[in-house]
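Summary of structural features
Given next are the chains, with one letter for each unit.
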Amino acid sequence: MRIPAKDKAFFAENGYYVGRGLFAPKEVAEIRDHFMALRAEGPKPGDMGGDPKKGPNDPLNKYARMINMHTWDAKSKAWQADERFTKVSGQLIGDDVLLCQTMLYFKPPGARGQARHQDNQYIRKTPIIAAWLALDDCDEANGQMVMIPGSNKLGILPVRPADTSVSFTNGESEIPAGLKEVGIGMQAGDVLYFGGFTIHGSYPNTTPDRFRRTFIVHYFGAHTEDLPVDEKTMMSKLAVVA
Ligand SMILES: O=C(O)CCC(=O)C(=O)O
């Protein structure tokens with residue numbers, strides 16, 4: 001599938017792009033049901049998100065985020081190679097792509113979100129791009145994604161501690177003055193693509209009964225550079241700089 005020049009231009013300008021209706025309802029249901037069944041099996045390698053001290057009061061203890069499922073789940077391995085992810089991502093960054101990681105966020109009712117960040121504050125190679133497949137309709141109430149258009153042009157930014165009462169991760173990006181956050185309303189089957197410097201995140205799911213699940217694949221460009229070691233921009237060093 002080819003992306004129109006105007007959509008590539010939008011990505012270059014804003015740091016993100018939404019491909020609408022790329023996955024059919026039946027495909028979305030298959031992916032969603034597959035991961036719900038895997039989650040019900042119990043803990044998996046790399047699970048993250050819940051606060052063990054809160055027990056059942058933290059919904060992320062039951063529905064922890066999964067990571068790198070492609071290393072132990074054949075369906076995830078096949079899905080990450082879908083051309084609706086790889087080919088579109090490649091056109092947006094202007095290179096072939098190579099797999100970086102897979103993730104599954106369940107974000108059940110009452111779950112915390114993820115504080116706004118640049119993926120390159122975690123992953124220190126550039127360029128990278130994320131393909132974020134909505135497995136549920138997403139809106140403000142269930143914690144849709146938010147983006148800061150234009151942040152993609154600012155390079156790597158400093159990190160600081162985040163408010164862990166609303167974020168399951170403990171770091172966030174400094175937010176550049178003058179840029180505005182936009183909420184990305186999506187329907188199940190839409191794919192949101194965003195680059196490694198684009199500040200993005202999500203707020204808690206405040207609904208009593210609606211999940212906000214997503215299957216996410218991050219890719220490296222085929223030709224990457226290492227970002228310089230600069231502790232103030234690295235989430236892994238946050239405890240040191242905080
Ligand atoms: O889905 C979310 O709430 C956050 C996802 C995210 O930050 C990412 O994929 O890098």
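Described in the following lines is the structure provided in the data block. (Residues numbered from 1 in each chain as written. Predicted model: local features only at pLDDT ≥ 70, side-chain atom pairs only at ≥ 80, totals over all residues. Heavy atoms only, no water.)

For the rest of this paragraph, the subject is the pairing of strand E5 (residues 125–134). Most of E5 is tucked away, with 8 of its 10 residues classed as buried. The pairing of E5 with strand E12 (residues 214–226) spans 9 bridges and is classified as antiparallel. Note that in E12 the partner of Lys-125 across the bridge is Asp-226. Of the pairings in the sheet, the one linking E5 to strand E10 (residues 191–195) comprises 5 bridges and is antiparallel in character. What sits directly across from Leu-133, in E10, is Val-191. (Buried < 20%, exposed > 50% of the residue type's maximum accessible area, 1.4 Å probe, protein only. Helix = DSSP H or I, 4+ residues; strand = E, 2+ residues; numbered from the N terminus. Pairing = 2+ DSSP bridges.)

Turning our eyes to something else, we now look at helix H1 (residues 5–14). Along an α-helix, residues three or four apart share an orientation, since each turn contains 3.6 residues. Looking only at H1, the buried set comprises Asp-7, Phe-11 and Asn-14. Viewed along the axis of H1, the buried residues span an arc of 90 degrees, placing them on a single side of the element. Seen from the buried face of H1, the exposed residues on the opposite side, beyond 90 degrees, are Ala-5 and Lys-6. Packing partners of the buried residues in H1 comprise strand E1 (16–19), helix H5 (83–93), E5 and E10. (Arc of directions from axis to C-beta. Contact = heavy atoms within 4.5 Å.)

A few words on the pattern of salt bridges. By the definition in use, this model includes 16 salt bridges. Linking Lys-75 and Glu-30 is a salt bridge whose minimum nitrogen-to-oxygen distance equals 3.4 Å. Taken as a pair, Lys-75 in helix H4 (residues 74–79) and Glu-30 in helix H2 (residues 25–40) lie far apart in primary sequence, 45 residues in all. Look at Lys-75 and you get partly exposed, because its relative accessible area is 38%. Classification of Glu-30 by relative accessible area gives partly exposed; the value is 39%. Each of Glu-27, Asp-82 and Arg-84 takes part in one network of salt bridges that share partners. (Salt bridge = Lys/Arg side-chain N within 4 Å of Asp/Glu carboxyl O.)

Bringing the packing of aromatic side chains into the picture now. A full pass over the atoms with the stated rule returns 10 aromatic pairs. Ring geometry for Tyr-105 versus Phe-168: centroids 5.9 Å apart, planes at 70 degrees, classification edge-to-face. One end of the pair, Tyr-105, is in strand E3 (residues 97–105); the other, Phe-168, is in the loop between strand E7 (159–161) and strand E8 (171–173), and 63 residues separate them in sequence. Take Tyr-105 and Phe-168: they sit in the same class, and that class is buried. (Phe/Tyr/Trp six-rings, centres within 6.5 Å; stacked < 30°, edge-to-face > 60°.)

Our focus in this paragraph is unusual backbone geometry. Each neighbour pair has its own omega, and for Thr-126 with Pro-127 the value is 0 degrees, a cis peptide bond. You will see that Asn-68, though not glycine, has its phi angle at about 50 degrees, which is positive. If you trace the backbone, Asn-68 turns up in the loop between strand E2 (66–67) and H4. Accessibility expressed as a relative area gives 25% for Asn-68, which makes it partly exposed. Positive phi values are uncommon outside glycine, yet Lys-107 reaches one of about 40 degrees.

Note that every value here comes from positions in space, so none of it alone points to a role or purpose.
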